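Survey of secondary and tertiary structure
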Amino acid sequence: MTNNTIQHIPVLLKETIHSLNIKKNGFYIDGTFGHGGHSKIILSKLSKYGKLLAIDRDIESIQIGLQINDSRFTILHGLFSNIKNYLIKKNLLRKTYGILLDLGLSSLQIQNPNRGFSFNKNGPLDMRMNTTYGKTAKIWINKAKKEEISIILKKYGEEKQFKKITKNIIKQRNKKPITQTKELTNIILKTKNYNKKYKKHPATKCFQAIRIFINDEILELKKILNNIFDILITGGRMSIISFHSLETQIIKKFIKKYTTKYLEIPKNIPLNENEIIKKYRNTKQIKIINIIKPSKNEIKKNPKSRSATLFTIEKTSL
């Protein structure tokens, strides 16, 4: 299966581009290039003076991006959490008009069985978004302690039957190493009853949990949110598409923290004027532009969009 035969339908595409409120001469960042759907539309709205930086940790996405012959476009292989370091080197801190993050898996990853992300297609148990770095899911699941596997399935998958599934994983790997996605799926199916009337496959949460852990996705999201004030120009926007409750909780917590005007002063501890100002400046630095869910029509055309939520915020102060 080649990149050219895989079709990817970006979720909430029109809504995301509209939310960024693109300025034709602005500098923009696509932090999750994927198949390039968002980047191509952003480029179409920029003048010859506009610029777009795309980033992806997946080498297959980088290969697609390198085919774009446009002087306004640059693509980097790496983590979006490292954007700030790149901007420092290029003297571009606080000069970005908009940044986009689509936190879902791309079709390049899901539809290729060799990547190990799909419980519906058998392949090597890999799950790395960057196949040039880090341990695979196969190595981890066959080496990790029982307690660690339980914690990961519970914490990142919110899997209620994490103890039973972990027990069966250990039991199976003691017989022979678990190397294929189908082997892991069968272990989960033997533990959980599969009723086709349910929207989610029984293996969904476990595969999600292992993928999030292998790719350190939660830490990545937290890092980029912490850096957003150094990335965006005042009035610049960030649009994030999340797909599960863990991401959504982190984004909502961040939004609440920086849209709430409050003065938090520890009790019985004297603070001078500069210390008070410093604490106060850390609040009410963004405003919510929108929070959007896919329409029924989009969900019908693209079922994977059903769990998506688009958050768009605007930086209002330094």
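Attention in this report is confined to the structure presented alongside it. All values derive from a computational prediction rather than experimental measurement.

**A short note on the packing of aromatic side chains**
A complete count under the given rule lists seven aromatic pairs for this structure. Each ring, one from Tyr28 and one from Tyr97, has its centre 6.3 Å from the other, and the planes form 40 degrees; the classification is tilted. Linking Tyr28 in strand β1 (residues 27-30) with Tyr97 in strand β4 (residues 96-102), this pair joins segments that are 69 residues apart in sequence. Here the aromatic rings of Phe33 and Phe73 are separated by 5.9 Å at their centres, their planes lie at 45 degrees, and the arrangement is tilted. Here Phe33, found in the loop between β1 and α2 (37-44), pairs with Phe73, found in strand β3 (residues 73-77); they are 40 residues apart in sequence, far enough to count as distant. Residue Phe33 shares its accessibility class with Phe73, and that shared class is buried. The structure contains a cluster of three or more aromatic residues connected by ring pairs, namely Phe229, Phe254 and Tyr258.

**Digging into the pattern of salt bridges**
For the structure on display, the rule yields twelve salt bridges. One salt bridge connects Asp230 with Lys84, and the closest N-O pair in it is separated by 2.8 Å. Taken together, the positions of Asp230 in helix α11 (residues 217-231) and Lys84 in helix α4 (residues 83-89) put the pair 146 residues apart, joining distant regions of the chain. For Lys84, a relative accessible area of 22% translates into the label partly exposed. Linking Arg211 and Glu217 is a salt bridge whose minimum nitrogen-to-oxygen distance equals 2.8 Å. Taken individually, Arg211 and Glu217 each receive the classification buried, so the pair is uniform in this respect. Through salt bridges with shared partners, a single ionic network connects Asp58, Glu60 and Arg115.

**What to know about the packing of helix α9 (residues 181-191) against helix α10 (residues 204-215)**
Describing two packed helices takes the angle between their axes plus the distance from one axis to the other. Following both chains from N to C, one finds α9 and α10 inclined at 130 degrees, their axes separated by 10 Å at the closest point. Viewed along their axes, α9 and α10 adopt a mutual orientation that is oblique. The handedness of the crossing between α9 and α10 is right-handed. Of the residues in α10, those in contact with Thr181, Leu184, Thr185 and Ile188 of α9 are Cys206, Phe207 and Ile210.

**Points about the nonpolar core**
Ranked by internal contacts, the top residues of the largest apolar core, which has 58 residues, are Ile83, Leu184, Ile210, Ile224, Met238 and Phe254. When residues of this core are assigned to their parent elements, the largest contribution, seven residues, is made by α11. Grouped together as the second largest cluster of nonpolar side chains are 17 residues, Ile42, Leu43, Ile62 and Ile68 included.

**Comments concerning α11**
Helix length check: α11 (15 residues) gives 20 Å between terminal C-alpha atoms against 21 Å at 1.5 Å per residue, within 8%. The largest bend along α11 measures about 30 degrees and falls at Leu225. In terms of burial, α11 is a largely internal element, eleven of the 15 residues being buried. Turning to α11, its buried residues are Glu217, Ile218, Glu220, Leu221, Ile224, Leu225, Asn227, Ile228, Phe229, Asp230 and Ile231.

Conventions used here
- Sequence order as written defines residue numbering, which begins from 1 separately in each chain.
- Only residues with pLDDT of at least 70 are given local features in this predicted model, and only at 80 or more are side-chain atom pairs given and counted; all residues enter the totals for whole chains, interfaces and linings.
- Where side-chain values are given, they derive from all heavy atoms of the structure, hydrogens and water being excluded.
- Only centres within 6.5 Å qualify two rings of Phe, Tyr or Trp (six-membered ring in Trp) as a pair; their planes then separate them into stacked at under 30 degrees, edge-to-face at over 60, and tilted for everything else.
- Each helix is a run of DSSP H or I of at least 4 residues and each strand a run of E of at least 2, with the numbering of both proceeding from the N terminus.
- Three labels apply to residues, based on accessible area from a 1.4 Å probe with only protein chains included: buried if under 20% of the type maximum, exposed if over 50%, partly exposed otherwise in between.
- Any Lys or Arg side-chain nitrogen located within 4 Å of an Asp or Glu carboxyl oxygen qualifies as a salt bridge.
- Helix axes are fitted to C-alpha atoms over the stretch in contact, other axes to C-alpha atoms as well, and angles between N-to-C directions run from 0 to 180 degrees.
- When an angle is under 35 degrees it counts as roughly parallel; over 145 it counts as roughly antiparallel; between 65 and 115 it counts as roughly perpendicular; any other value is oblique.
- Should the near helix be turned anticlockwise from the far one by less than a right angle, the crossing is termed left-handed; should it be turned clockwise, right-handed.
- Any two residues having at least one pair of non-hydrogen atoms within 4.5 Å are treated as being in contact.
- By nonpolar core we mean a set of buried residues, namely Ala, Val, Leu, Ile, Met, Phe, Trp, Tyr and Cys, connected to one another through side-chain atoms within 4.5 Å.
- Expected helix span is given by 1.5 Å per residue-to-residue step, counting one fewer step than there are residues.
- The angle between axes fitted to the seven residues ending at a residue and the seven residues starting there is what we call the bend at that residue.

Keep in mind these values describe shape, not function.
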